[in-house]
Number of protein chains: 2
Amino acid sequence: MKTRDATWLSLFERDENSHLSLTERICSTVRGAVGAGYLGSGDRLPASRVLAIDLQVSRITVEAAYGRLEAEGYVVRRVGDGTFVALTMPSTDARRKSGRLIQAQLSRRGSELVATGGCVDARVAHAFTAGFPDLPAFPHEIWRRIAARKLRSDPMIAMGYGDPQGLPELRSAISSYLFQYRNVQCSPEQIVVTTSSQQALTLIFTLLIDPGDPVWVEDPCYTGAYTALVSAGAAVVGIPVDEKGICVPPASERPAPKIAYLTPGHQYPTGAILSMERRMQIVTDAFLQNTWIVEDDYDSEFRYDAQALPSLQGLDKRGRVIYVGTFSKSMFPSLRIGYMVLPPGLVASFVTARTTQDGHPPYLSQAIAAEFIAEGHFTAHIRQMRRLYTSRCDCLLESLAEHVPRVWRTSPERAGLQVTVCADVPSDLNVARDAKKAGLELACLSPLYIGDSARQGWMLGFSALDNASIRAGAKKLGRLLDGRA
Amino acid sequence: MKTRDATWLSLFERDENSHLSLTERICSTVRGAVGAGYLGSGDRLPASRVLAIDLQVSRITVEAAYGRLEAEGYVVRRVGDGTFVALTMPSTDARRKSGRLIQAQLSRRGSELVATGGCVDARVAHAFTAGFPDLPAFPHEIWRRIAARKLRSDPMIAMGYGDPQGLPELRSAISSYLFQYRNVQCSPEQIVVTTSSQQALTLIFTLLIDPGDPVWVEDPCYTGAYTALVSAGAAVVGIPVDEKGICVPPASERPAPKIAYLTPGHQYPTGAILSMERRMQIVTDAFLQNTWIVEDDYDSEFRYDAQALPSLQGLDKRGRVIYVGTFSKSMFPSLRIGYMVLPPGLVASFVTARTTQDGHPPYLSQAIAAEFIAEGHFTAHIRQMRRLYTSRCDCLLESLAEHVPRVWRTSPERAGLQVTVCADVPSDLNVARDAKKAGLELACLSPLYIGDSARQGWMLGFSALDNASIRAGAKKLGRLLDGRA
């Protein structure tokens, strides 16, 4: 049997190469590929023996070509290892070059998605990266040990296609955790594991919203949800937020919303915690009885003052709440595991739709997470992080009081991974731009407003920073704002 | 600082429990949760010390409750380990119970998604599961070794938010591989890593198709692509396929399609390989010059006869081909890594859109896959699998000739992970239903047709089966068809 690979052969046989010697044809193929950026530093070339068989030439010919390429600096050969490309041509930066050219050819929905979406690039936390857990404090050793165990597991189970709803062990672990700690009342059959809460939101809005359907969001609102709503064609209605959370409007002339997207545990971005009274109003209001309540409980593991209030899902007796959660904050972001808890009647449709979107979640990360939760490490980790984050939150509040007296908090409670503050400045964006030059990362408040009542301010993350960085950051911010006084 | 968790406290304080003793309140909480299915066998309860602090009762009270629950059989206590739920109530099967109830409330797009999508549940391969790689033959030891190394890597890089376009190392490895082995000409900047080729297709169709846009697909066509197209609102036009692949129609009165979705490497499901002549026609046809060509190269690593023909992406000089690939067949399905190669002008929009859909791919699997490719294990594995699959393909062809003479192949070439056959039967679906009872899995041909020229037949997978299973399966199939003669 001969198995020959397409490229080398077709390149080798190109008409424009026909006047060249066999050796030179190989050389010109590699030079061309490096020049065009198709091959770059560190890329492995086929072993000379293998390439000789594929091209049906003598091995001496291939050796001669590789030797010439090495002399020219295109490749390096490491004895016993292989032949590798040694150069990367300066990138043509394909992204920027002709990006505008084709933009016009996107679909209407595509253009909206692209126009409203922004790329997050928060790979490492600085002062004051918001929403970023303390990664070094994660119990890496335990995680590694579980991972090693799972990597040894039965390959037929671990590597084949999986349950599109999510690994059953993980769904059990999540439902048990949610019941005991978040007052969410669900069985594992109601849970769909997703790659992120963002994927859950996209599925929910795609499946439940027809173009033009009215949807309530809190104003200001989480960008990821807003973008997904706009892309699903929703008519988004911003509802004001005060220090007790969303101000549920009385039954009005307006049509009842198809969906109300809420963050009752810790309003994003203001940090307000929805009062018990308003919670009961939402789950019992006759006006909202045909409304789907999407409860995004993105970081409510982290409350530092009083006990967390019960989730809307647990209070709801009508089966209208879809609960969305993520492990990005409570474990780590690159895990890519989120989940939603659905009313039983929606489960089958959502599982089918999920299959058509991206199949099913990957096995390994689900299996590790399931055991991490089931063995009690997850709740232990959360307890530890609460202690750590409480002290960092206090450090930030003290530092702000001392060094940045010109800002005030949007919510009096200590919770989550950031403190949101307002300031009497003309533009939070301008301050953030200057702050960036000074090495400070400030996530701005004003762009998150939908109506015209935007306040100026920033979300100041504390969870990923030690106390020294928090203090230094606060001093810098204070100087920056004083410079504008 | 006191940190108390919502559920236990709120359950404990419920009005309907107020007449009960403290111990009995704890017991009734657990009994109720087990009865409702919120807690099930193996779920861990809080340590008595911790729960006592949270509930502000004495530890003796909690111990007494746990003791009573153990006596009743609700929990088991393991010394030095913890307290676990011992029962799972029979599932109420939430999925089925009220699934129909809410179906009517889905959005139009949601209903279409659900109506056209089907759940795949192919976790283990039987005769003749199609499209399933041989998992035991995968070099697990090498994979594990790389995984262990990656798990030890810098947590700040490994655990934080990642590049929404995909890990740069993985994009480099893919572009080098695609250039050398698939004749795809691209730089790493043109690649977007996805969780599957399905996610890539969904993104492509969402971003490029407006409702009503005409889209060509091969007839018969891959269900996953068809579903994603319908859900994006495309006006799908099926184009017939013969033994040389899609029969590109001459420039006609019909509007040129916005997209042509093609599987030139190994037509799905007939197995035809698109001839070089037709490839050139597609990439040069003036009628198609504003058409996006989506080239789904789902299994073309596996050719067993002659050399693979160059990809359309490599032949195209107009920058109109989007190339889609997956590691589900060439590595393993539960990895969940696919990718697309975009014309440079589309990259920025797609990366932004990807961010709004599910953020970015997980770190660990990307990092392992990148090193697996860069170290040469991937191409070595493919070479080995080609040898293995060739012998299995031959075994299936011989077994069919001997035991199932009533079927004939739709394509003469040996490629991919399955052989597609036709048969002179009234309904391939009926045969598949009977076959299932006999322990045979037959993926049917007729449902994949769009027009009314459906042929009856099946895709017979061989890649995950040893020769004995292949022969036994063929005998069974032969008897089954003879019984209908």
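Check the entry above for the structure.
Since we're looking at a predicted model, the values are computed, not measured.

Conventions adopted
- Here, residues in each chain are numbered from 1, in the same order as that chain's written sequence.
- Just so you know, chain letters begin at A and ligand numbers begin at 1, following the order they were written in.
- Local features in this predicted model are restricted to residues of pLDDT 70 or higher, and side-chain atom pairs are both shown and tallied only at a pLDDT of 80 or more, whereas totals for entire chains, interfaces and linings draw on every residue.
- Hydrogens and water are ignored here; the side-chain numbers use all heavy atoms of the structure.
- Each helix is a run of DSSP H or I of at least 4 residues and each strand a run of E of at least 2, with the numbering of both proceeding from the N terminus.
- Note on classification: 1.4 Å probe, protein chains only; a residue is buried when its accessible area is under 20% of the maximum for its type, exposed when over 50%, partly exposed between these limits.
- Here, residues are in contact when the closest pair of their heavy atoms is within 4.5 Å.
- Per-residue and other accessible areas follow the Shrake-Rupley method at a 1.4 Å probe size, with only the shown protein chains counted as cover for residues.
- The positive count covers Lys and Arg only, the negative count covers Asp and Glu only, and His and the chain ends enter neither.
- For charged residues, the charge sits on one atom: NZ in Lys, CZ in Arg, CG in Asp, CD in Glu.
- Whether two strands pair comes down to DSSP finding at least two bridges between them.
- Assignment of crossover handedness uses the view with strands pointing away from the viewer, where a clockwise path from the first strand over the helix to the second indicates a right-handed crossover.
- Think of a nonpolar core as a cluster: buried Ala, Val, Leu, Ile, Met, Phe, Trp, Tyr and Cys residues, connected wherever their side-chain atoms sit within 4.5 Å.
- Angles run from 0 to 180 degrees between N-to-C directions of axes, and those axes are lines fitted to C-alpha atoms, restricted for helices to the stretch in contact.
- Crossing chirality is assigned from the near helix's rotation relative to the far helix, an anticlockwise turn below a right angle marking it left-handed and a clockwise turn marking it right-handed.
- Under the grouping applied here, Gly and all other residues not named as nonpolar or charged are polar, the nonpolar ones being Ala, Val, Leu, Ile, Met, Phe, Trp, Tyr, Cys and Pro and the charged ones Asp, Glu, Lys and Arg.
- Whenever Lys or Arg places a side-chain nitrogen within 4 Å of a carboxyl oxygen from Asp or Glu, that contact is recorded as a salt bridge.
- Patches in this entry comprise residues that are over 30% relatively accessible and not in a salt bridge; like charges within 9 Å are linked, as are nonpolar side chains (Val, Leu, Ile, Met, Phe, Trp, Tyr) within 5 Å.
- Aromatic pairs are defined between Phe, Tyr and Trp rings, using the six-membered ring for Trp, whenever the two ring centres lie within 6.5 Å; interplanar angles under 30 degrees are classed as stacked, those over 60 as edge-to-face, and all others as tilted.
- In this analysis the charged atom, NZ for Lys or CZ for Arg, is taken to sit over a ring once it is within 6 Å of the ring centre and within 35 degrees of the ring normal.

### What about the overall build of chain A?
Along its length, chain A carries 19 helices and 15 strands. Taken along its principal axes, the extent of the C-alpha atoms in chain A is 85 × 60 × 50 Å. Out of the 485 residues belonging to chain A, those deemed buried represent 62%. Considering only intrachain contacts with a sequence separation of at least 6, the fraction spanning at least 24 residues in chain A is 73%. Accessible surface, chain A as shown: approximately 17,900 Å² in total, 53% of it carbon and sulfur. Distance between charge centres in chain A, computed from 53 positive and 50 negative side chains, equals 4 Å.

### Some details on the pairing of strand β8 (residues 259-262) of chain A
All names here are of chain A. Here β8 shows no split at all, with Ile-259 and Tyr-261 on one side and Ala-260 and Leu-262 on the other all buried. Bridging between β8 and strand β9 (residues 292-296) involves four bridges; their strand directions are parallel. Bridge pairing links Ala-260 to Ile-293 in β9. This β-α-β element, β8 to helix α13 (residues 276-284) to β9, shows right-handed connectivity.

### A closer look at the nonpolar core
A general trend in soluble globular proteins is that nonpolar side chains are found buried together. Of all hydrophobic cores here, the largest spans 147 residues; its most connected members are A:Trp143, A:Met331, A:Trp458, B:Trp143, B:Met331 and B:Trp458. Other than its neighbours up to four places away in sequence, A:Met331 contacts A:Pro133, A:Phe138, A:Trp143, A:Ala369, A:Phe372, A:Ile373 and A:Phe378.

### Section: the packing of helix α10 (residues 168-182) of chain B against helix α16 (residues 363-374) of chain B
All names here are of chain B. It is at 8 Å that the axes of α10 and α16 come closest, and there the two elements cross at 35 degrees. For α10 against α16, the interelement crossing comes out left-handed. Of the residues in α16, those touching α10 at Glu-169, Leu-170, Ala-173, Ile-174 and Tyr-177 are Gln-366, Ala-369, Ala-370 and Ile-373. Residue composition of the contact of α10 with α16, grouped by class: seven nonpolar, one polar and one charged.

### Digging into the side chain of A:Asp299
Residues and elements named next belong to chain A. Structurally, Asp-299 is set in the loop between β9 and α14 (312-315). Among buried Asp, Glu, Lys and Arg side chains, Asp-299 stands out as unpaired, with Lys-329 the closest opposite charge at 7.3 Å. Dropping the residues within four chain positions of it, Asp-299 is found in contact with His-266, Lys-329, Gly-416 and Leu-417.

### Points about a positive patch on the surface
All names here are of chain A. Among the surface-exposed residues, Arg-471, Lys-475, Lys-476 and Arg-479 lie close enough to one another that they form a single positively charged patch. With respect to the helices and strands, Lys-476 occurs in helix α19 (residues 467-482). Using a relative accessible area of 33% as the deciding quantity, one classes Lys-476 as partly exposed.

### Observations regarding the packing of aromatic side chains
Residue and element names in this part refer to chain A. Counted by the stated rule, this structure contains 32 aromatic pairs over all chains. Note on Phe-138 and Phe-332: the rings are 5.2 Å apart at their centroids and 80 degrees apart in plane angle, and the pair reads as edge-to-face. With Phe-138 in the loop between α7 (108-116) and α8 (140-151) and Phe-332 in the loop between β10 (321-326) and β11 (338-341), this pair connects stretches of sequence that are 194 residues apart. Given the relative accessible area of 3%, Phe-138 is considered buried. Of note, Arg-78 hangs over the ring of Phe-84, and the distance from its end group to the ring centre comes to 4.3 Å.

### A look at unusual backbone geometry
With an omega dihedral of 10 degrees, the bond running from A:Asp219 to A:Pro220 counts as a cis peptide bond. Tracing the chain through its elements places A:Pro220 in the loop between β5 (214-219) and α12 (223-231). In the segment running from B:Tyr268 into B:Pro269, the intervening peptide bond is cis, with an omega of 10 degrees. Considering the arrangement of structural elements, one finds B:Pro269 in the loop between β8 (259-262) and α13 (276-284). A positive phi angle is found at A:Arg336, which is not glycine, with a value near 60 degrees. Along the chain, A:Arg336 falls in the loop between β10 and β11.

### A closer look at the sheet that holds strand β2 (residues 75-78) of chain B
All names here are of chain B. Strand order in the open sheet formed by three strands is β1-β3-β2, with antiparallel pairing between adjacent strands. Strands at the two margins of the open sheet, each flanked by one partner only, are β1 (44-45) and β2. Judged from the four bridges that link them, β2 and strand β3 (residues 82-85) form a sheet pairing that is antiparallel. Paired with Val-76 across the two strands is Phe-84, which belongs to β3.

### Considerations on the sheet that holds strand β12 (residues 407-409) of chain B
Residue and element names in this part refer to chain B. Strand order in the open sheet formed by four strands is β12-β13-β15-β14, and the pairing between neighbours is antiparallel. Taken across any chain shown, the strands that pair with only one partner, and hence form the sheet edges, are β12 and β14 (443-444). As judged from the three bridges shared by β12 and strand β13 (residues 418-423), these two strands associate in the antiparallel manner. Counterpart to Trp-408 in the pairing with β13 is Cys-422.

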